[in-house]
Structures are given as structure tokens and as C-alpha cells.
Amino acid sequence: MKRKALLAAGFFMFAVLTACQLKKSPAEAHWKEAAESKDFYTYAAEHAGEIELSQLADEAGGADGSLSRQYQAVSLLCALEYSSGSGRSTWESEELYQFDYPESGAYAEQFLKKVTEDKDEFWSAIDKSFYPYDCFGPLFAAAGHLDGQTIAQLFSSIPEDAGYAGRFKEAVDQWVKENPENIVDTKGDLMQAGYFDSWIQDDWNKTYLNSSLNEDKIRTDTIEEAVSYARFMREDVLPMLTEEYGADGYREKSKITKKNYYTTNLTVTIDEDIKLKEQGKKKLPESIPLKGKKVAAFYYNPYYEEWEDSPARLRLLGDFMLGLTKKECPASLDEADYYLVLTPHYSYGDFYQNTSGKDTKIQEVYSSTSIDLYKAGSGKFLRHLGSVLENPPSQIFKNLAEEAAQYPDLITADLLLHMYRNINDPNAYAAFADHTSELSSELAAGDPVIIGGWEITYRSSQAVKSFDEGMFRYTADDGCQYVRAEFSVKNLGSEENTFLPMIYQVAEDPVVKIADAERETVFECVDALNDSRCLNSTSLEPGESKDGELIFQVSDEALAKDDPLYVVVSMGRQEAAYRLNK
């Protein structure tokens, strides 16, 4: 009996051990199911939310078990986290990289870095269980930070005869292109590994410079990283590209400064906030020292959550940074002396549109962008340079209920550089900034208006029924008089320009008219072709000025009223007004 009991006990222990050996871990069990399913992303989508991620996380840590099992656990964890968080049943590279991986990110990085510890063991682990091989996408997308040595080894040491080699290289390539900010740390290792050998100019441009199709593609956690990225592009990447492909694809000649400036559309989105202080009561400095000072330029959008697709809260302006001299460009945030900050300001307006005999209320949204200088670090306000003339001209929504937002283009780097370097001489860039917001609601005769590249000054006027000019006599219509208004105009631009052309561009050329206070009764300017002093269609060279007159035909009724009339100078929604002396 005792012998039978011992044999029974032995058979029981053997059965227990065999069962333990045959029992698969959670990672192995789910991996087998995934391999037998239609495809990996379908499995992940169908089981997202059903599988306890903490079980996979224990195995993904790799404290126990083989490297092959760790690979399975990490891959499953990344795919399941993405599927449960995104709610999608498929994955595409762009969406994979837009997703955040709070649970699996660290494990993905930890596993991929093992290629530098023992690459033979690393590839053996993948080779043993690489099916389903379409798991590489989430694995690399979750690994947001990989050092140069790791990504270079992942690219260069793949066994060429491996069935997954092509798919794995595609995943490496996608990681490099979706994480452009990592080039500061990875370029040297990738160059040495020959990664860039097959790249053409378009690969470099779309990955590291041109982000016009996706403004947030190049993204950093901190302002420090963004400044370092811009400096690296300026000193390491751009010289290499211009030497190999020429400078024409990266720069063009400025109409403002007549010098070349960068037009790469580079912006760096920053997840860190910038500290800026509003203008205080203390007196602002009369002069801004520039010699030996370094500056970083930003677009700061306080309205970034107001509408869908609104520009990011904070972006570094790359082309401005690329155009700085070595003495002006900070290598780190601590080196910066100034912040040049562009800030949009939105305003709302209503108008009524008649459709099929019915008035429909339409709400419009407009924008102007203020350019201001702050002291780096403290964020102390130092100087308002002006509000730029935007393109397209200020209108974001034409119809808030129906149309998508159309945000203004970023101000070109040549204008920003010109304004910054002439910060102590505002007249040098007066033609390119909107100064009407700084004026009082009603100007006195003799006060200049700077608008649309012109300095316009109304001086005086007189109302007459008729007047002679040489051989010609001008007589107003019945019930009207001519108002002859004296003006001075000056071309503040960098090119020849025509004042009040016969064919003008709305919101790009100034308009001068006489109107009542509500702007409901309006009298347009008359083009007196034979009047030698008439300023209409006057062409002036940069810096040239001329005195003359503008003529308006105004009703006797309007002139006889006690209510005032105004000489209104406007361009788009910008406006300044003088009280007309009747």
C-alpha cells in the first residue's frame, strides 16, 4: 500500500509539473491567438478592453521569462493600448504616432534598446516569434525616445535573410520620419550607419524642414529642445543641404531687404508654455540694445482651444531662427536675451446677408497679429513693434456657421528680421505694420495715418460748387458740391507704389472716402483726370512724398446737417477718421 501511495504521489507531481510547463503565460497565449487571427490589428481591436494590460506589463518589464516573451508582451501591450485608446480597428502610421502611449511607451523603448546589449539575442527573440509581423508599427510608435546608437543598430544589424527584414526597416524608417526632433541626437549615428545614403532632397525637406502640410509634425516637449533643434538645423543640416542641392530651394530674395532669407516653412510646436508678462506701469526702455544680444521668435496663440484646427498654443518660428547670424542665434534657451513673440487677437462682427428676400445674420471672425519683444527668462514686456498686415487679410471665418476656419499665414521671416533689426527705428518698417489700432477714434487734421504702405495726412478742405483747372471747369451735379481736400502722401514701402489706383485690390490698397458717423452715407473719391494736383493714381518711389488734393462730390443735404462728416481712411477692417471741416 505504501509503495502504491508513493507511485500515485509521483504520478501526481509529474502531472502538476507537466501542466505548469504546458501552461502558457498571458503574453504567449494572446500571441498565439493573434497569430491565428485574420491580422494583428483586427485582434487588437477586438480584444482591446478585454485583456488586463497589467498582466502584459509585468511580462513586458522582462524581469522573468525570455526576451522572446518580453517582445511578445511589449508588442501586444502597445497594440492593445492604441486600439483601446483610439477606438480604431486599423492603424495607419500618422495616427499611430499621434497617439500617446502612457502604459507601453517606456516598455517599448526599454525593449528596443536591448539591441545594443546583445544584438544576436535580440534578433533571435524576434525571429522566434515575429508573426504576426504587422506589430512593428505600434511598437515603434510607442517608443518616442531612442538614442542614436539604438536606432542605428536597429537599422543596420537586421539579419538580411530574415523574413521580416523589409517590414522592420519600414518601421525604423517611419520612426525616424515621425520623430524629426530626434535628429539632434541621432544624426551622427544614422549617418555612420548609412541610413541617409538613399535619401533625396525631398526626404530631407519633408522630414526636417517643411511642415506646411502638418504644422505640428515637428514637436518638442520643451522650449529648450525647440531652440536646440533650430540651431542644429541652422548649423548642421542646412549647410549640408545647400552644399549638395543648392540654396535656391531654401531661400529667396526679399522684396523688403533685397537680401536672401529662408522660406522652408519650418515651425516647431512646443508642449511647454511660455511665461510672458503684460505691460506694466513702469516706463519702457527708449532704446533696445541689439549688439551682442540673442533672440528666439515664437508664435503664441491664446485661442488654441477655441476652434478645431486652430494653430498650436506655442510654436518656434524656424525661418526667423535660420536667418539669424551666429551672434544672434542662441544655442540654448539660457543664451537667449529676448523673445520676439507674435500673438493673434480675434474680434467678432455681425452683418446681414439677403438671400431669397430674407436677411440672414452672419457672424464673422477677424484676426490681427501683434509683434512684441519680451525679456527672455522673466518674460518682461519691452516693446510693441506693431500689428502685422496679415495674409489672407485678417478674416478667419466668413460664415461661422458654414465655413471652415482659414487662419492667416505666418509672417515671413524677412519681415520679422527687418522689424527686429530696426526695432529702434520704427519708420523703417512702418509700411508693413498696422498702426490704426494705436490711434484715437478721431484724428486731428495734420496727424498722419500709416496704412497699407502709405503715410496719409489730411490737412484741410473746402466745399465749392465748381472750380477751374487749366482749360477745364468742374461743376458738381445738382444738389451736390465738390469737397476739395488737401492731403500729403508718402510711399513707405520698398518698391514703387500707386496711390488710389483706378483698379485696386480690396483689403490690400487704402481707400479714402467721406462718410457720416455710422458709415451708412458714403461719398466716394472722384478721379479728376485733368486736375494736376489730384493724387488719384499717383505713383511714387520708395520714400517719395507728394502734396495734393482729393475731390469728393457730396450732397448739399449732408453738408447742411449739424451732424459731422468724416474723412475716412480705410483698408479692409482697418480704419482711421478725421472730422471734415465743412
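The present account deals with the structure reproduced in this document. (Residues numbered from 1 in each chain as written. Predicted model: local features only at pLDDT ≥ 70, side-chain atom pairs only at ≥ 80, totals over all residues. Heavy atoms only, no water.)

Considering the overall build of the protein
Heads up, the condition is: Each helix is a run of H or I in the DSSP string that is no shorter than four residues. Each strand is a run of E no shorter than two, and both are numbered from the N terminus. Partly exposed residues are those whose accessible area sits between 20% and 50% of the maximum for their type, while under 20% is buried and over 50% is exposed, using a 1.4 Å probe and protein chains only. Note on contacts: a residue pair is in contact if any heavy atoms of the two residues lie within 4.5 Å. Note that accessible areas follow from Shrake-Rupley with a 1.4 Å probe, and for residues the cover is restricted to the protein chains shown.
When its secondary structure is counted, the protein shows 17 helices and 24 strands. Split into buried and exposed, the 582 residues of the protein put 46% on the buried side. Taking as baseline every contact in the protein between residues at least 6 positions apart, the subset at least 24 positions apart corresponds to 70%. For the protein, the exposed surface amounts to about 29,700 Å²; the carbon and sulfur share of it is 46%.

Section: the packing of helix 4 (residues 53-60) against helix 5 (residues 67-86)
Put simply, the test is: Note on geometry: axes are lines fitted to C-alpha atoms, helical ones only across the stretch in contact, with angles between N-to-C directions running from 0 to 180 degrees. By convention, the crossing between two helices is left-handed when the near helix turns anticlockwise from the far helix through less than a right angle, and right-handed when the turn is clockwise. Following the grouping adopted for this structure description, the nonpolar residues are Ala, Val, Leu, Ile, Met, Phe, Trp, Tyr, Cys and Pro, the charged ones are Asp, Glu, Lys and Arg, and the polar ones are all others, Gly among them.
Where helix 4 contacts helix 5, the two axes come as close as 8 Å, and the packing angle between them is 140°. As for the relative orientation of helix 4 and helix 5, their crossing is left-handed in sense. Judged by residue contacts, L53, L56, A57, E59 and A60 of helix 4 engage R69, Q70, A73, V74, L76, L77 and L80 from helix 5. Split into classes, the residues belonging to the contact of helix 4 with helix 5 amount to nine nonpolar, one polar and two charged.

A word on the pattern of salt bridges
Here is the rule: The salt bridge criterion pairs a side-chain nitrogen of Lys or Arg with a carboxyl oxygen of Asp or Glu, the two atoms within 4 Å.
Under the criterion given, the structure shown has 20 salt bridges. Across the pair K32 and E36 runs a salt bridge, and its minimum N-O distance is 2.5 Å. Separated by four residues within a single helix, K32 and E36 lie in helix 2 (residues 26-36), roughly one turn from each other. Put simply, R421 and E328 hold a salt bridge, and the shortest N to O gap is 2.7 Å. One end of the pair, R421, is in helix 16 (residues 413-421); the other, E328, is in the loop between helix 15 (318-322) and strand 7 (338-355), and 93 residues separate them in sequence. With relative accessibility at 14%, the residue E328 sits in the buried group. Linked by salt bridges that have partners in common, R484, E486, R533 and E549 make up one network.

Considering the pairing of strand 6 (residues 314-317)
Residues in a regular strand project their side chains so that they alternate between the two faces of the sheet. Formally: We treat two strands as partners when DSSP finds at least two bridges between them.
Of the two faces of strand 6, both are covered, the one formed by L314 and L316 as well as the one formed by R315 and L317. Pairing between strand 5 (residues 295-300) and strand 6: three bridges, direction antiparallel. For Y300, the partnering residue across the bridge sits in strand 6 and is L314.

Overview of the sheet that holds strand 20 (residues 525-526)
Taken in spatial order, the five strands line up as 12-13-16-22-20 in an open sheet, and their pairing is antiparallel. Each edge of the sheet is formed by a strand with only one pairing partner; in this case those strands are strand 12 (448-451) and strand 20. Relative to strand 22 (residues 545-555), strand 20 runs antiparallel, the two being bridged by two bridges. Residue pairing across strands places V526 opposite I551, the latter belonging to strand 22.

Structural notes on the state of the cysteines
Covalent bonding between the sulfur atoms of two cysteines defines a disulfide. Rules: Throughout, disulfides are identified as pairs of cysteine sulfur atoms within 2.5 Å of each other.
Evaluation of the coordinates by the stated rule reveals zero disulfides. Among the cysteines around C534, which has no disulfide bond, C525 carries the closest sulfur, lying 6.1 Å off. Exposure remark for C534: the relative accessible area of 7% places this residue in the buried category.

Some points on the side chain of S461
Heads up, the rule is: Between N or O atoms, a polar contact is any pair within 3.5 Å; within protein, one atom must be a potential hydrogen donor and the other a potential acceptor, and residues adjacent in sequence are included only when both atoms are from side chains.
Position of S461 relative to the elements: it lies in strand 13 (residues 454-464). Side-chain polar atoms of S461 contact the side chain of Y458, separated by 2.8 Å. Within polar-contact distance, the side chain of S461 engages the side chain of N581 at 3.0 Å.

Observations regarding a positive patch on the surface
To keep it simple, the criterion reads: Patch rule: a residue counts if its relative accessible area is over 30% and it has no salt bridge; like charges are joined within 9 Å, and nonpolar side chains (Val, Leu, Ile, Met, Phe, Trp, Tyr) within 5 Å. When charges are tallied, Lys and Arg are placed among the positive residues and Asp and Glu among the negative ones, while His and the ends of the chain are skipped. By convention, the charge on Lys lies at NZ, on Arg at CZ, on Asp at CG and on Glu at CD.
Together, K277, K282, K375 and K380 give the surface a local cluster of positive charge. By the secondary structure assignment, K277 is in the loop between strand 4 (267-270) and strand 5.

Looking at the packing of helix 2 against helix 4
Rules: Oblique is the label for every angle not falling under 35 degrees (roughly parallel), over 145 degrees (roughly antiparallel), or within 65 to 115 degrees (roughly perpendicular).
At a minimum axis distance of 9 Å, the contact between helix 2 and helix 4 shows a crossing angle of 110°. In terms of their interaxial angle, helix 2 and helix 4 are classed as roughly perpendicular. Here helix 2 contributes P26, A27 and H30 to the contact with helix 4, which in turn contributes Q55, L56 and E59. Partitioning the contact of helix 2 with helix 4 into residue classes produces three nonpolar, two polar and one charged.

Quick look at helix 4
Within an α-helix, residues lying three or four positions from one another point in the same direction, as the helix has 3.6 residues per turn. Put simply, the rule is: For this quantity, the arc is that covered by the directions from the helix axis to the C-beta atoms.
Taken residue by residue, helix 4 has L56, A57, E59 and A60 as its buried positions. All buried residues of helix 4 project into a common sector of 165° when viewed along the axis, lining one side. Summarising the contacts, the buried residues of helix 4 are in contact with helix 2, helix 5 and helix 7 (105-112).

A short note on the sheet that holds strand 23 (residues 566-571)
Here four strands make up an open sheet; going across it, the order is 19-18-23-24 and the pairing antiparallel. Of all strands in the sheet, those with a lone pairing partner are strand 19 (522-523) and strand 24 (574-579), marking the two edges. Inspection of the sheet shows strand 18 (residues 511-515) paired to strand 23 by five bridges, in the antiparallel sense. Each bridged residue has a counterpart across the sheet, and for K513 the counterpart in strand 23 is V568.

A closer look at the nonpolar core
The nonpolar side chains of a soluble globular protein tend to be buried with one another. This is how it is decided: Residues enter a nonpolar core if they are buried and are Ala, Val, Leu, Ile, Met, Phe, Trp, Tyr or Cys, with the set joined through side-chain atoms within 4.5 Å.
Within the largest apolar cluster, 123 residues are counted, with the highest numbers of intra-cluster contacts made by I126, F140, L154, F168, M233, L316 and F320. In contact with M233, not counting residues within four places along its chain, are I183, Y208, L209, L238, P239, L266 and L322.

Here we look at a negative patch on the surface
A contiguous patch of negative charge, built from D147, D185, D221, E225 and E272, is present on the exposed surface. Tracing the backbone shows E225 in helix 14 (residues 223-245). Using a relative accessible area of 36% as the deciding quantity, one classes E225 as partly exposed.

Observations concerning unusual backbone geometry
Across the chain, the bulk of peptide bonds are trans and the bulk of non-glycine residues have phi less than zero. Even without being a glycine, K258 presents a positive backbone phi close to 65°. Given the relative accessible area of 43%, K258 is considered partly exposed. A positive phi angle, close to 65°, is found at N265, a residue other than glycine. Relative to the helices and strands, N265 resides in the loop between strand 3 (260-262) and strand 4. A relative accessible area of 40% places N265 in the partly exposed class.

Section: a nonpolar patch on the surface
A cluster of nonpolar residues, M502, I503 and L529, forms a patch on the protein surface that exposes about 420 Å² of accessible area. Tracing the backbone shows M502 in the loop between strand 17 (497-499) and strand 18. Note on M502: relative accessible area 64%, which makes it exposed.

Notes on the environment of D273
Within the secondary structure, D273 is located in the loop between strand 4 and strand 5. Residues D273 and R315, spaced 42 residues apart in sequence, show a C-alpha to C-alpha distance of 10.0 Å. When residues no more than four places from it in sequence are discounted, the contact partners of D273 are I223, Y300, R313 and L314. At 3.2 Å, the side chain of D273 and the side chain of R313 are in polar contact.

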